[in-house]
Amino acid sequence: MKDVLLAYGSVFQSHVPPGPHPENPGRLVPLYEAIASDPVLCEVPRLAPLPLASESTLRSYHSAECVEALLKLRGASGWFDPDTYYEPASVTTALTAVGTTKEPRQTDLSGEGEAWFCAASSAGAPLPSPNADGLLSFQ
């Protein structure tokens with residue numbers, strides 16, 4: 001299976017809600033366990049290390065003001081709205097999710113990947129994007 005790379009890791013389990021919340025890293029545990037225990041999936045190469053999105057990549061999807069506001073949240077915690085939290089690891093988790101799903105070809109130095117599957121928990125509210133494209137995301 002050299003034409004597919006899996007992208008997953010503990011960084012996606014670091015976006016932890018401040019209390020009970022349906023979007024939590026526990027949702028990834030069964031998937032990660034299934035990959036590890038499946039004789040075929042455990043042999044699929046992993047994209048590693050998982051890349052962080054660059055500011056230029058973020059700005060290709062969001063305004064400079066939006067990117068600046070996101071980056072200022074590093075290490076902070078709070079709520080965007082009554083249902084959407086952010087916590088100290090949220091910015092790194094979000095940058096990794098974007099980097100892993102938007103920049104895989106640049107980071108796949110092995111040249112093995114033709115397709116990627118990223119298993120990531122969501123990290124914060126979706127930001128408005130004037131340049132949105134289709135993205136299949138497992139959450």
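Just so we're clear, the structure is a prediction, and the values are computed from it rather than from any experiment.

J.: I would appreciate a short explanation of the overall build of the protein in the present structure.
T.: The helix and strand tally for the protein stands at 5 helices and 4 strands. Secondary structure elements in the protein, listed N-terminal to C-terminal, are β-α-α-α-β-β-α-α-β. Classification of the 139 residues of the protein by burial places 37% in the buried group. Partitioning the contacts of the protein with sequence separation of at least 6, the portion at a separation of at least 24 is 72%. As displayed, the protein has an accessible area near 7,900 Å², and 59% of this comes from carbon and sulfur atoms.

J.: Would you mind going over the nonpolar core with me for this structure?
T.: Generally speaking, soluble globular proteins have nonpolar side chains that are buried together. By size, the foremost hydrophobic cluster in this structure holds 13 residues, and its most contacted members are Leu6, Tyr8, Phe12 and Tyr32. Among the elements of the structure, β1 (4-7) and α1 (29-37) are those that each provide at least two residues to this core. Ranked by size, the runner-up nonpolar core spans 9 residues in total, among them Leu58, Leu71, Tyr86 and Leu95.

J.: I keep staring at the side chain of His21 and nothing clicks. Help me out?
T.: Locating His21 in the fold gives a position in the loop between β1 and α1. Here His21 falls in the buried class, since its relative accessible area comes to 11%. From its side chain, His21 meets the backbone oxygen of Asp83 in a polar contact 2.7 Å long. Residues contacting His21, with those up to four places away along its chain left out, are Trp79, Asp83 and Tyr85.

J.: For this particular structure, what's the right way to read the pattern of salt bridges?
T.: According to the stated counting rule, one finds 2 salt bridges in the structure shown. Between Arg59 and Glu55 there is a salt bridge, and its shortest N-O distance comes to 3.3 Å. Separated by 4 residues within a single helix, Arg59 and Glu55 lie in helix α2 (residues 55-59), roughly one turn from each other. Linking Glu68 and Lys72 is a salt bridge whose minimum nitrogen-to-oxygen distance equals 3.4 Å. For Glu68, a relative accessible area of 45% corresponds to the partly exposed category. We classify Lys72 as exposed; its relative accessible area is 62%.

J.: I'm lost on the packing of aromatic side chains in this one. Help?
T.: Aromatic ring pairs are defined here through the distance separating the ring centres and the angle between the ring planes. In the structure shown here, the tally under the stated rule is 3 aromatic pairs. Judged by centre distance (6.1 Å) and plane angle (70 degrees), the rings of Trp79 and Tyr85 are edge-to-face. Under the relative-accessibility criterion, Tyr85 is labelled buried at 2%. Consider the rings of Phe80 and Tyr86, whose centres lie 4.8 Å apart with planes at 45 degrees: the pair is tilted. Assessed through its relative accessible area of 39%, Phe80 is described here as partly exposed. Over the face of the ring belonging to Tyr8 we find Arg46, whose NZ or CZ atom lies 3.9 Å from the ring centre.

J.: I tried to follow the environment of Val98 on my own but got confused; where do I start?
T.: Topologically, Val98 is positioned in helix α4 (residues 90-102). The class for Val98 is partly exposed, based on a relative accessible area of 25%. With 46 residues separating them in the primary sequence, Val98 and Leu52 have C-alpha atoms 7.2 Å apart.

Criteria and thresholds
- Residues numbered from 1 in each chain as written.
- Predicted model: local features only at pLDDT ≥ 70, side-chain atom pairs only at ≥ 80, totals over all residues.
- Heavy atoms only, no water.
- Helix = DSSP H or I, 4+ residues; strand = E, 2+ residues; numbered from the N terminus.
- Buried < 20%, exposed > 50% of the residue type's maximum accessible area, 1.4 Å probe, protein only.
- Contact = heavy atoms within 4.5 Å.
- Areas by Shrake-Rupley, 256 points an atom, 1.4 Å probe, with all protein chains shown as cover.
- Core = buried A, V, L, I, M, F, W, Y, C linked by side-chain atoms within 4.5 Å.
- Polar contact = N/O pair within 3.5 Å; in protein donor to acceptor, adjacent residues only side chain to side chain.
- Salt bridge = Lys/Arg side-chain N within 4 Å of Asp/Glu carboxyl O.
- Phe/Tyr/Trp six-rings, centres within 6.5 Å; stacked < 30°, edge-to-face > 60°.
- Lys NZ or Arg CZ within 6 Å of the ring centre and 35° of its normal.

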